[in-house]
Amino acid sequence: MASRSSKASESQQGKAVPMTVTFARRTSSGRYVNYSRESNDLDSEIGSGEFMNYTVQIPPTPDNQPMDSSVSQRVEEQYVSNSLFTGGFNSVTRAHLMDKVIESETSHPQMAGAKGSSCAIPGCDGKVMSDERGEDILPCECDFKICRDCYVDAVKSGDGMCPGCKEPYRATDLDQKVVDNSRTLPLPLPSNVGMSKMERRLSLMKSAKSGMLTKSQTGEFDHNRWLFETKGTYGYGNAIWPEEGGLGNEKTDGVGEPSQLLSKPWRPLTRKLKIPAAVLSPYRLLIFVRIAALSLFLAWRLRHQNDDAPWLWFMSVVCEVWFAFSWLLDQLPKFCPVNRATDLNVLKDKFETSGPHNPTGKSDLPGIDVFVSTADPEKEPPLVTANTILSILAADYPVEKLSCYVSDDGGALLTFEAMAEAASFANLWVPFCRKHDIEPRNPETYFNLKRDPYKNKVRQDFVKDRRRVKREYDEFKVRINGLPDSIRRRSDAFNAREEIKAMKLQRENAGDEPVENIKIPKATWMADGTHWPGTWMVPSAEHTRGDHAGIIQVMLKPPSDEPLHGAAVDSNPIDLTEVDIRLPLLVYVSREKRPGYDHNKKAGAMNALVRASAIMSNGPFILNLDCDHYVYNSQALREGMCFMMDRGGDRICYVQFPQRFEGIDPSDRYANHNTVFFDVNMRALDGLQGPVYVGTGCLFRRIALYGFDPPRSKDYHSAGCCSCCFARRKKSSTVASAPEENRALQMGDSDEEEMNLSSFPKKFGNSSFLVDSIPVAEFQGRPLADHPAVRNGRPPGALTIPRDLLDASTVAEAISVISCWYEDKTEWGTRVGWIYGSVTEDVVTGYRMHNRGWRSVYCVTKRDAFRGTAPINLTDRLHQVLRWATGSVEIFFSRNNALLASPKMKLLQRIAYLNVGIYPFTSIFLIVYCFLPALSLFSGQFIVQSLNVAFLTYLLLITLTLCMLAVLEIKWSGIALEEWWRNEQFWLIGGTSAHLAAVLQGLLKVIAGIEISFTLTSKSAGDDADDEYADLYIIKWTSLMIPPITIMMVNLIAIAVGVSRTIYSTIPQWSRLLGGVFFSFWVLAHLYPFAKGLMGRRGRTPTIVFVWSGLLAITISLLWVAINPPSGSSEIGGSFQFP
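Residues numbered from 1 in each chain as written. Predicted model: local features only at pLDDT ≥ 70, side-chain atom pairs only at ≥ 80, totals over all residues. Heavy atoms only, no water.

1. Some thoughts on the overall build of the protein
Across its full length, the protein carries 33 helices and 22 strands. Put simply, the protein has 1139 residues, and 54% of those count as buried. Partitioning the contacts of the protein with sequence separation of at least 6, the portion at a separation of at least 24 is 77%. Roughly 51,700 Å² of accessible area belongs to the protein as shown, and the carbon and sulfur atoms make up 56% of that amount. (Helix = DSSP H or I, 4+ residues; strand = E, 2+ residues; numbered from the N terminus. Buried < 20%, exposed > 50% of the residue type's maximum accessible area, 1.4 Å probe, protein only. Contact = heavy atoms within 4.5 Å. Areas by Shrake-Rupley, 256 points an atom, 1.4 Å probe, with all protein chains shown as cover.)

2. Considering the nonpolar core
In this structure, Ile552, Met616, Phe700, Tyr706 and Phe764 are the most contacted members of the largest nonpolar core, which totals 152 residues. Here this core gets 10 residues from one element, more than from any other, and that element is helix 7 (residues 277-303). Apart from residues no more than four positions distant in its own chain, phenylalanine 764 is found in contact with Tyr706, Phe708, Leu770, Ile774, Tyr822, Thr826, Trp828 and Val832. In terms of nonpolar packing, the next biggest core, distinct from the first, is built from 85 residues, Ile389, Cys433, Val469 and Trp525 among them. (Core = buried A, V, L, I, M, F, W, Y, C linked by side-chain atoms within 4.5 Å.)

3. Some words on a positive patch on the surface
Together, Lys272, Lys274, Arg855 and Lys906 give the surface a local cluster of positive charge. The class for lysine 906 is partly exposed, based on a relative accessible area of 31%. (Patch = residues over 30% accessible without salt bridge, like charges linked within 9 Å, V, L, I, M, F, W, Y side chains within 5 Å. Salt bridge = Lys/Arg side-chain N within 4 Å of Asp/Glu carboxyl O. Lys, Arg positive; Asp, Glu negative; His and termini not counted. Charge placed at Lys NZ, Arg CZ, Asp CG, Glu CD.)

4. Considerations on the pairing of strand 5 (residues 83-88)
Across the 6 residues of strand 5, 6 count as buried, placing the element largely inside the fold. What you see with strand 5 is no split at all: Ser83, Phe85 and Gly87 on one side and Leu84, Thr86 and Gly88 on the other are buried throughout. Here 5 bridges tie strand 5 to strand 6 (residues 91-97), and the two strands are oriented antiparallel to one another. Note on strand 6: the bridge partner recorded for threonine 86 is arginine 94. Pairing of strand 5 with strand 12 (residues 550-556), which is carried by 4 bridges, proceeds in the antiparallel orientation. Bridging from a neighbouring strand, phenylalanine 85 pairs with isoleucine 552 of strand 12. (Pairing = 2+ DSSP bridges.)

5. Overview of helix 28 (residues 977-991)
The end-to-end C-alpha distance of helix 28, which contains 15 residues, comes to 21 Å, matching closely the 21 Å that a straight helix rising 1.5 Å per residue would cover. Among the residues of helix 28, those classed as buried are Trp980, Arg982, Asn983, Gln985, Phe986, Leu988, Ile989, Gly990 and Gly991. (Expected span 1.5 Å × (residues − 1).)

6. Examining unusual backbone geometry
Following glutamate 439, the chain continues to proline 440 via a peptide bond in cis, the omega torsion being -10°. Residue position: proline 440 is located in the loop between helix 11 (413-436) and helix 12 (443-447). With a phi close to 55°, alanine 671 is a non-glycine residue in the positive phi region. By the element assignment, alanine 671 lies in the loop between strand 17 (660-662) and helix 16 (675-686). In this structure, asparagine 674 takes a positive phi of about 55° despite not being glycine. Assignment of secondary structure puts asparagine 674 in the loop between strand 17 and helix 16. Looking at asparagine 674, the relative accessible area reads 18%, which means it is buried.

7. Side note on the sheet that holds strand 15 (residues 630-631)
Strand order in this open sheet of 3 strands is 15-22-17, and the pairing throughout is mixed. Edge positions in the sheet fall to strand 15 and strand 17, since each of these pairs with one other strand and no more. Bridge count for strand 15 against strand 22 (residues 866-869) is 2 bridges, and the pairing is antiparallel. Within strand 22, the residue paired with tyrosine 630 across the bridge is arginine 867.

8. Overview of the confidence of the model for the protein
For the protein, the average pLDDT comes to 77, and 72% of its residues sit at 70 or higher. The secondary structure element of the protein with the lowest average pLDDT is helix 1 (residues 39-47), at 37, and the one with the highest is strand 18 (residues 698-701), at 96. Low pLDDT, under 50, characterises residues 1-58; the stretch is placed with 83 contacts to residues that sit more than four places away or in other chains. Ignoring residues within four places in sequence, the model shows residues 172-196, a span with pLDDT below 50, making 56 contacts including any to other chains. (pLDDT = per-residue confidence, 0-100.)

9. A look at the packing of helix 26 (residues 922-939) against helix 28
Where helix 26 meets helix 28, the closest approach of the two axes is 9 Å, and the angle between their N-to-C directions is 100°. In this view, helix 26 runs roughly perpendicular relative to helix 28, as classed from their interaxial angle. Between helix 26 and helix 28, the contacting residues are Thr922, Ser923, Leu926, Ile927 and Cys930 on the first element and Trp987, Leu988 and Gly991 on the second. When the residues that make up the contact of helix 26 with helix 28 are grouped by side-chain class, the tally is 5 nonpolar, 3 polar and no charged. (Axes fitted to C-alpha atoms, helices over the stretch in contact; angles between N-to-C directions. Parallel < 35°, antiparallel > 145°, perpendicular 65-115°, else oblique. Nonpolar A, V, L, I, M, F, W, Y, C, P; charged D, E, K, R; others polar.)

10. Concerning helix 25 (residues 907-918)
Taking 1.5 Å as the rise per residue, helix 25 with 12 residues should run 16 Å; its terminal C-alpha atoms sit 16 Å apart, in good agreement. Extensive coverage of helix 25 is indicated by the burial of 10 of its 12 residues. Residues Gln909, Arg910, Ile911, Ala912, Tyr913, Leu914, Asn915, Val916, Gly917 and Ile918 constitute the buried set of helix 25. Packing partners of the buried residues in helix 25 comprise helix 8 (310-331), strand 16 (652-656), helix 16, helix 23 (841-851), helix 24 (874-892) and helix 26.

11. Considering the pattern of salt bridges
The tally for this structure, following the rule as stated, stands at 39 salt bridges. In this structure, lysine 477 and glutamate 444 form a salt bridge, with 3.5 Å as the shortest nitrogen-oxygen distance. Of this pair, lysine 477 sits in helix 13 (residues 462-510) while glutamate 444 sits in helix 12; the two residues are 33 residues apart in sequence, bridging distant segments of the chain. Relative accessible area serves as the criterion here: at 25%, glutamate 444 is assigned to the partly exposed category. Where arginine 683 meets aspartate 679, a salt bridge forms, and the shortest distance between an N and an O atom there is 3.9 Å. Separated by 4 residues within a single helix, arginine 683 and aspartate 679 lie in helix 16, roughly one turn from each other. Each of Arg660, Glu662, Asp679, Arg683, Asp864 and Arg867 takes part in one network of salt bridges that share partners.

12. Observations regarding the packing of helix 14 (residues 601-616) against helix 22 (residues 808-817)
The axes of two packed helices give the description: the angle between them and the distance between them. Interhelical geometry of helix 14 versus helix 22 gives an angle of 165° and a closest axis separation of 9 Å. Judged on the interaxial angle alone, helix 22 and helix 14 are roughly antiparallel. Of the two possible hands of crossing, helix 14 and helix 22 adopt the one that is right-handed. Where helix 14 abuts helix 22, its residues Arg611, Ala612, Ile615 and Met616 lie against Thr810, Val811, Glu813, Ala814 and Val817. Residue composition of the contact of helix 14 with helix 22, grouped by class: 6 nonpolar, 1 polar and 2 charged. (Left-handed = near helix turned anticlockwise from the far one by under 90°.)

13. Looking at the environment of alanine 549
Residue position: alanine 549 is located in the loop between helix 13 and strand 12. Its relative accessible area of 14% is what places alanine 549 among the buried residues. The sequence separation of alanine 549 and serine 91 amounts to 458 residues, and the corresponding C-alpha distance is 8.8 Å. Among all residues touching alanine 549, those that are not within four sequence positions of it are Gly87, Pro533, Ser590, Arg591, Glu592 and Arg594.

14. A few points about the pairing of strand 13 (residues 585-590)
Among the 6 residues in strand 13, 6 count as buried, and that is most of the element. Neither face of strand 13 is open: one carries Leu585, Val587 and Val589, the other Leu586, Tyr588 and Ser590, and all of them are buried. Here strand 11 (residues 402-408) runs beside strand 13; their pairing, made up of 5 bridges, is parallel. Bridging across to strand 13, tyrosine 405 finds its partner in valine 587. Here strand 12 runs beside strand 13; their pairing, made up of 5 bridges, is antiparallel. From the neighbouring strand, leucine 556 faces strand 13, where its bridge partner is leucine 586.

This is how it looks when you write it as structure tokens:
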């Protein structure tokens, strides 16, 4: 039990070396606290080299019972959760201890502002810190109540003596920080502080060596692994000397082999559901048939020129060739669609069931950090964001493994206090959801469900609990809606007080001299009566949207490792005695912004969250959600984890969930559900290298976001296209001999380059915390090594240890990594994290991962995983499509063009990404083709010489194959025919409006360097509270409407002109009229939703609008016929003359 604590002196011949023994006690933090007060006198003797010193650890006895966790660490974490951390460029990181975060009282012990009873020191009005249950943290056995500041003073100035019993404290290993008497504590930016904590994390990887296998893989029982995973020791009552009835086997000299470690049938977490061959085979065959038909048709069109109108023929042929090419790019990636399914029961058995690797039955699942991004509380209502936060906190995932980070890129106090209110309401909502298995766990959606809320509810107290929670939620909504006025009134009152103080002080200093009016900055004030460090309602220096300090507030501190059931007290609205009341970690983050820095919009905010979360929780997986996308299926995180933890899951960079929307009009006029993309295209890409990243509802592997190559990339190199054309180098011995925990972390394009931590500061920045967290995240994200075929796995039970407690230095480091200067001269935004340079940073980020050889997975759950809102207004929808298309044009003209992809990307995946960059250019040809019917009717000509049998046959064949392909797509994807038709309609609407504008904007940026600005998509509803779809009927003019309106008007006039010309012509050309009118009606049928949107609300369009439209069309038609009468006749209709 004795361990040497100092170096031995040089051997002394002929001398006996005296021994000095110092008795000490080991704290939970790993430090040894000496009991002997004379130990300081021994330092000089030890330093002389003549003595050998030993430190003896005294085992726990009835007289010496160490606490579960050191008092200092628990107090420190409570202090951190009650402090608002700020800092940034050329400023000191400060922790502002807050009396309260919101106006209402804080009840949950995990929430910021939660404190215990009053301090017993005379003259001190501080509060005693509380633990996870809300009970007072009392450092002394005499239960003397003392606050944190008085405790620090007693330790430093009182020789560690308790002011109550005058006995020394047993645990005094507080970090030595300078504590001011003021409320603001300056904290220096740490360099290597916390290395011991990171070393404890890194020690987890020591069991990942390839030699440590269970008996099911090698046939030999590994005792070292057994001891490590069960935290056993050599001695009585462990794996080597089992107790009676234990796992021992007397026939093998007491060396036991647990039966649980024997081989079991290995079960996968996911499976691939093949589409029936009766559907897929004809679908593939039809693709080739239509390709052949298009080829023959285009060849026929090139051979048969229209001599009467060569210009019309040329334009039509060019457009048709492009349409065939565009269809080919869109259709080829759909060649291998797949469906997938998960098995949550297997996930529970492997990761949350007690066994030899996990005796306690604690969750062995890896941690997940959930990112929620918001930027403007006016366009993204705080109530919507708060409901999203509540759905995340209530997700069915181990509480201690879940963390939620809210990025407020606007730095608004309104968002801050709304999140604090949400954290307070979560104290009731989350246990209520767990107790009664509520779905969905968004309170706004749940209480507005149309179905019976009491279906399948069996607990007798459900009706009472639901009624009380509903009342609390209504009050919560009122508080959220009243926050803007509350903040404004509070700020006005404090500003008026400051003005009075300033005027009074000026009068005292001025004496009898005249006093000038003083202008006090109109500050925004927090609930505790201090300035808000973010954006003020009245912008001021260093308090604007583009100029404010970085802010981090731990709204809910990390939960305890053990379940915490509610107490049976009358103050609880519902009975929670059998319910775990712990809440996940919730952190508010607003990155620093300063003038002169490019903050890179949403991508920059996401990267700031990646770094801050790596410092504070370092979950190996990251789920990002928009503020209006909430968790609709509480088990969605488990579904995604099935793919990540399955065999081969270490090569999956992200799991993309489909986007589902609420509040869409029943007819889905503008194809807002986008089901063709999410249920057809994305399922098809899942059969290749994986779906594209669409910006929200995506579960990332953190190490993939860091820009690393996937493990075993050499083995999969041949899967890429053109790989046979490149020489293959042999793997060097240095890589083969590298440690296993480092071998998978290869940075760059070459597999020969192993992870070199010394080069990481140039890539990731100068934060040692961040660099040290990288290999930990990689190790914790590995699948279980529970099968011989699982490569690069981790041992079971390695993630059952509790997480480290938060301390001030950790949060201070997180402040430094969200500063505006941190990314300078690093690879953030270029190779690491979300990629900059495009308004569609999501597609580019996913493309970079696929380009490095990673693959992704599409996870379609039976119950929608996430749901959000989409703009149902025509103008908002067009602007949304404009932003997407603009990003695609930027991708096409950048180094992210799929034509420049690496050989690691599969051929069909490359074609899919190429289509992403090319599809906006189809708008040029589409607009020309939409005007061709009108030009044909105006000129009396057609795109072909005559409607002969060959042309009609080709046209019929192409149309039939397209319809049959659509039917089969509907069959294997499960979408409805109406949804497919709506998608076709909006394809033409968007192609003739937003896509053309995107091409022009993209060319302006590339050629002239003109930057593109986009506005946030509004999440608010219309003004009509009685109509759920009020936004649908709002008409907001935009220049994007000009091309479709022009196309409609021209085609309507052309139909009237063509019909009148044919009727009054001496020799009517009915075939040409029929062809022109058919294609004009084809255009108008696709533009019908657009025309309907211009009408506004049904029944509100004045009749005179239709009358004047008809009269205008007739008048223009008659004028055209009168000006350009049919050839061979100067009159219209024989004897009829134009008056």
